[in-house]
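Structural overview
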Amino acid sequence: MGPDQHAQLDDISLVLPFPCRVAVILVAGFWGWGINLHYLLKRNIDVPALIRYPARHSSHQRPHYSSTYHLATLLTVPLVLTLLIFWAATHGSKERVEALDYIPQSYLFIYIIIILLPYNRLARTGRHRLLVTLRRISVGGLAEAQDGKFGDILLADALTSYAKVLGDFVVTFCMFFGSDVSSTSKPHRKCGNDYLTPLIIATPSLIRLRQCLIEYLRVRRSGPKRESTGFQHLANALKYATAFPVIVLSAKLRNYNPLEMYGYSEMSLSRLLYLCTFINSAYSFYWDVTKDWDLTLFTSSRLDPDHPYGLRRHRYFSDRQYYAAILLDLGIRFAWLSRNNRGPAPNDILLGEFNGKLDAD
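Residues numbered from 1 in each chain as written. Predicted model: local features only at pLDDT ≥ 70, side-chain atom pairs only at ≥ 80, totals over all residues. Heavy atoms only, no water.

1. Quick look at the packing of aromatic side chains
The following threshold applies: When the centres of two rings from Phe, Tyr and Trp lie within 6.5 Å, Trp using its six-membered ring, the rings pair. Their planes under 30 degrees apart give stacked, over 60 give edge-to-face, and anything left gives tilted. Numbering goes from the N terminus for both helices and strands, where a helix is a DSSP run of H or I of at least four residues and a strand is a run of E of at least two. Under the scheme applied here, a residue whose accessible area is under 20% of the maximum for its type counts as buried, over 50% as exposed, and between as partly exposed, the area being computed with a 1.4 Å probe on protein chains only.
Overall, the coordinates contain 17 aromatic pairs when judged by the stated rule. Between F109 and F173, the aromatic rings sit 5.1 Å apart at their centres with planes inclined by 85 degrees, giving edge-to-face as the arrangement. Of this pair, F109 sits in helix α6 (residues 102–116) while F173 sits in helix α9 (residues 163–177), and the two are 64 residues apart along the sequence. The class for F109 is partly exposed, based on a relative accessible area of 34%. A residue is classified by how much of its surface remains accessible, and F173, at 14% relative accessible area, is buried.

2. A look at the state of the cysteines
Spelled out, the test is: Here, the term disulfide refers to a pair of cysteine sulfur atoms separated by no more than 2.5 Å.
Enumeration according to the criterion identifies one disulfide in this entry. Each disulfide pairs two cysteine sulfurs, and for C174 the partner residue is C191, the sulfurs being separated by 2.0 Å. The chirality of the disulfide connecting C174 with C191 is left-handed, given an S-S dihedral of about -90 degrees. Of the two residues, C174 is situated in helix α9 and C191 in the loop between α9 and α10 (196–221); the sequence distance between them amounts to 17 residues. Each of the two residues, C174 as well as C191, counts as buried.

3. Points about a nonpolar patch on the surface
Just so we agree on the cut-off: To count toward a patch, a residue needs a relative accessible area above 30% and no salt bridge. Like charges then connect within 9 Å, nonpolar side chains (Val, Leu, Ile, Met, Phe, Trp, Tyr) within 5 Å. Computed with the Shrake-Rupley method and a 1.4 Å probe, the accessible areas treat only the protein chains shown as cover for residues. For salt bridges, the criterion is a side-chain nitrogen of Lys or Arg within 4 Å of an Asp or Glu carboxyl oxygen.
Nonpolar side chains collect at one region of the surface, where V15, V77, V80, L81, L84 and W87 lie side by side and expose about 520 Å² of accessible area between them. A total of five residues in the nonpolar patch trace back to one element, the largest contributor, which is helix α4 (residues 64–90). By the secondary structure assignment, L84 is in helix α4. When its relative accessible area of 45% is taken as the criterion, L84 is described as partly exposed.

Laid out in structure tokens, this is it:
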């Protein structure tokens with residue numbers, strides 16, 4: 001490790017090292033799913049039925065959201081204990097933070113074990129369903145509607161939201177098992193090779209793109225009796241395809257070498273990156289509002305007197321919540337404009353993707 005390596009550790013890394021930052025976001029996903037289930041149930045929206053998940057037939061069985069909270073708690077407790085042990089052992093010392101990287105890294109091993117452990121009291125049914133669905137969609141597969149297609153789409157969209165986190169997850173292990181850098185050091189996203197992290201980040205978008213193509217082919221094979229031509233699925237596939245130029249250009253700028261860029265300057269690549277990122281963000285925002293949420297803001301029906309401006313006739317939530325969701329979605333989609341780095345990675349919004357598809361369908 002170089003003499004200036006310690007200087008790369010900022011104050012946040014001393015308190016919440018890189019592996020724990022990845023872990024916090026991973027665990028937050030389970031809490032977010034539980035909150036979604038809980039809130040939507042109160043709004044009389046049966047999410048388990050929509051994703052073809054087994055219903056609770058007995059009052060003695062815990063609600064689905066309660067089981068999710070239970071699993072999230074089981075994932076949270078060892079994370080908190082890991083952080084307490086790490087803080088007690090390092091005392092804010094940069095040298096010790098790097099030397100004791102096995103403490104925060106060990107939690108990621110625990111996380112994997114809890115998810116895979118075949119123990120009944122650890123929400124086994126939910127974890128089994130998660131792993132089965134994950135295996136099916138890992139190659140872009142898509143169940144039929146009666147077999148849980150909606151759940152496949154939700155999970156694949158969640159992976160696109162977590163694309164960069166999944167990349168960082170792999171990077172932590174690469175750094176941990178590498179001989180020249182600590183996993184608690186500044187994230188080394190070139191660990192392994194220049195293509196590993198971009199490939200992982202691109203995989204969720206590839207999965208969703210293939211799912212969209214599968215839906216398109218199913219519509220075409222259904223024959224002329226169906227009113228839909230399947231064009232919307234191709235347009236949705238294009239939305240995910242716009243992520244790939246952003247990922248490639250981000251990687252090229254991070255590893256910029258003028259000898260490999262055939263005369264393209266770093267500035268020209270940066271401008272091209274921001275253009276591609278803008279297209280991806282604008283397209284995704286339009287799709288969220290118009291297709292996933294089925295709102296009329298970008299259509300000629302936005303002034304229809306049957307509903308408030310830009311919304312729609314049938315609404316499950318208050319008008320204020322819809323407008324707040326639009327503004328929040330816009331802010332998150334274009335949050336990269338406030339950053340100074342050169343590699344904004346495209347991330348779909350889990351809340352927007354989930355609530356949008358659920359409300360529209």
